[in-house]
Amino acid sequence: MSFILTIVGARPQFVKAAVVSHALHSRGINEQIIHTGQHYDYEMSTVFWEELGIPAPASNLEVGSGTHGTQTGFMLTKLEQYILDLKKKPAALLVYGDTNSTLAGALVASKLHIPIVHIEAGLRSFNREMPEEINRVVTDHISSFLFCSSQPSVEQLAKEGITENVFNVGDVMYDALLRFSEIAESKISLNSIIPFLEEQYYLATVHRPVNTDSDTNLDAILEAFAGLDKPVVWPVHPRNKKKLTDKKIPVNLHLIEPASYHQMMILLKNSYKVITDSGGLQKEAYWMKKQCITIREQTEWTETLEGEWNILTGADASHIIYASQQTPSTKWTPLYGDGKASQKIAEQLQQAFTF
Ligand code: UD1
């Protein structure tokens, strides 16, 4: 019997895999999951698998951290060997988003002539200095099945000459949010995450190298947080812990450990507004009807900018503070599908391959 080989490695991919794996299984499609080991801390990896009930990976390649070349290179070597050792070639190899794990999975599959399924295809920031942009462009151009979160992504792929097997199914992260936010509420209280805070707060996450590896940008972000009218709660990605130890932390800024998906749902639901440079959180803020301030110069999720539901500020203190004083100017309308993206993907794959 044939199967889908899914490659995941970084936090947001675990969330996406949770709903897609569930949809594949409910259609009787066999799947094997490989964890590259790109994220390996308990808070960055294990807790997601436990909370979201993701089927255990068939293998963890344990590549860990490193420069882009080292990390991706290790993944290529180990993943290729893993596939060559399999008794049966997978029908397709499935990757999510734009991380180094996505790129490695796609490259290995293309050399072994295994069709690639890319979920979250066609997104562009048009900033090629971001590693994610390179990862997603390359992956799209070697994929056989491309599932997009919205119509502009379909159109972008068409502009790049990719028109076959492109489907606008909506965003699987919306499926995940709908599926897990109520479960989260029944399991976790806000007080258990931030017992020291009773007022309204901004929920912040900052982890992009453009912000965290530049003292100018990180200083500007901290200056902005200090100037906000409410406390700021920031679950800190491990890549930033060291960077922040040298900095003066404003009194209204509360640094906490990385949040699990359930904890993030609760933090988001109870927040006043969101300030982030993450891609996924911009959408999650929108779906939870929270205004988002995106501390980047571009966003891939341009639809969220409509009516100032999402405001791009870059790492500029006065822009961030100004944005925090705005309110959305349009009524909230649904974006990125109907919460059934994973089912639509499973249906297409069932039609395309024999399992
Ligand atoms: C990666 C993705 C990014 C995604 C993010 C989600 C790439 C190029 N980037 O960024 O698109 O938004 O994941 O979180 O793939 N570290 C730990 N423990 C861990 C994981 C990382 O300490 O479990 C630290 C290490 O110091 C490591 C650094 O974080 O060097 C960066 O990790 P890496 O996976 O390379 O990139 P992210 O910044 O997490």
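Now for a quick tour of the structure.

What counts and how
- Residues numbered from 1 in each chain as written.
- Predicted model: local features only at pLDDT ≥ 70, side-chain atom pairs only at ≥ 80, totals over all residues.
- Heavy atoms only, no water.
- Near = heavy atom within 4 Å.
- Polar contact = N/O pair within 3.5 Å; in protein donor to acceptor, adjacent residues only side chain to side chain.
- Areas by Shrake-Rupley, 256 points an atom, 1.4 Å probe, with all protein chains shown as cover.
- Helix = DSSP H or I, 4+ residues; strand = E, 2+ residues; numbered from the N terminus.
- Nonpolar A, V, L, I, M, F, W, Y, C, P; charged D, E, K, R; others polar.
- Core = buried A, V, L, I, M, F, W, Y, C linked by side-chain atoms within 4.5 Å.
- Buried < 20%, exposed > 50% of the residue type's maximum accessible area, 1.4 Å probe, protein only.
- Pairing = 2+ DSSP bridges.
- Phe/Tyr/Trp six-rings, centres within 6.5 Å; stacked < 30°, edge-to-face > 60°.
- Axes fitted to C-alpha atoms, helices over the stretch in contact; angles between N-to-C directions.
- Contact = heavy atoms within 4.5 Å.

### Looking at the site of the ligand
The environment of the ligand is formed by 20 residues, the closest being Q38, H39, Y40, E132 and H237. Within the side chain of H39, an N or O atom sits 2.7 Å from an oxygen atom of the ligand. In this structure, an oxygen atom belonging to the ligand sits 3.4 Å away from a side-chain N or O atom of S65. Burial of the ligand by the protein amounts to 86% of the accessible area it has alone, namely 740 Å². Elements with a minimum of two residues in the shell around the ligand: helix 1 (11-26), helix 3 (68-85) and helix 11 (238-245). Of the residues in the shell around the ligand, the class split is 5 nonpolar, 9 polar and 6 charged.

### Considerations on the nonpolar core
Nonpolar side chains in soluble globular proteins generally cluster together in the buried interior. Residues I119, F147, Y261, L267 and L349 are the most contacted members of the largest nonpolar core, which totals 67 residues. Element by element, the count of residues in this core is highest for helix 1, at 8 residues. Judged by nonpolar contacts, the second largest core, of 22 residues, contains V206, L222, V236 and A315.

### A few points about the sheet that holds strand 6 (residues 145-148)
Two orientations exist for strands paired in a sheet by backbone hydrogen bonds: parallel and antiparallel. Pairing is parallel in the open sheet, where 7 strands are placed in the order 3-2-1-4-5-6-7. The open sheet has two edge strands, strand 3 (59-60) and strand 7 (166-168), and neither has a second partner.

### Examining the packing of aromatic side chains
Inspection of every chain in the model, using the stated rule, returns 13 aromatic pairs. Summarising the aromatic geometry, the rings of F147 and F167 are spaced 5.3 Å apart at their centres and angled 25° between planes, so their arrangement reads as stacked. With F147 in strand 6 and F167 in strand 7, this pair connects stretches of sequence that are 20 residues apart. For F167, a relative accessible area of 19% translates into the label buried. Here Y286 and W309 contribute two aromatic rings whose centre-to-centre distance is 5.7 Å and whose plane-to-plane angle is 75°, an arrangement assigned as edge-to-face. One end of the pair, Y286, is in helix 13 (residues 279-287); the other, W309, is in the loop between strand 12 (292-294) and strand 13 (310-312), with 23 residues separating them in the sequence. Y286 gets classed as buried once you look at its relative accessible area, which sits at 5%. Given the relative accessible area of 10%, W309 is considered buried.

### Brief notes about the sheet that holds strand 13
Taken together, 6 strands build an open sheet; the order of strands is 10-9-8-11-12-13 and the sheet is parallel. Strands at the two margins of the open sheet, each flanked by one partner only, are strand 10 (253-256) and strand 13. Here the average twist between neighbouring strands, direction ignored, is 20°. Inspection of the sheet shows strand 8 (residues 202-205) paired to strand 11 (residues 273-276) by 4 bridges, in the parallel sense. Each bridged residue has a counterpart across the sheet, and for T205 the counterpart in strand 11 is T276. On top of the sheet, helix 14 (residues 317-324) reaches strand 8, strand 11, strand 12 and strand 13; it is set at about 165° to strand 12, its chief contact.

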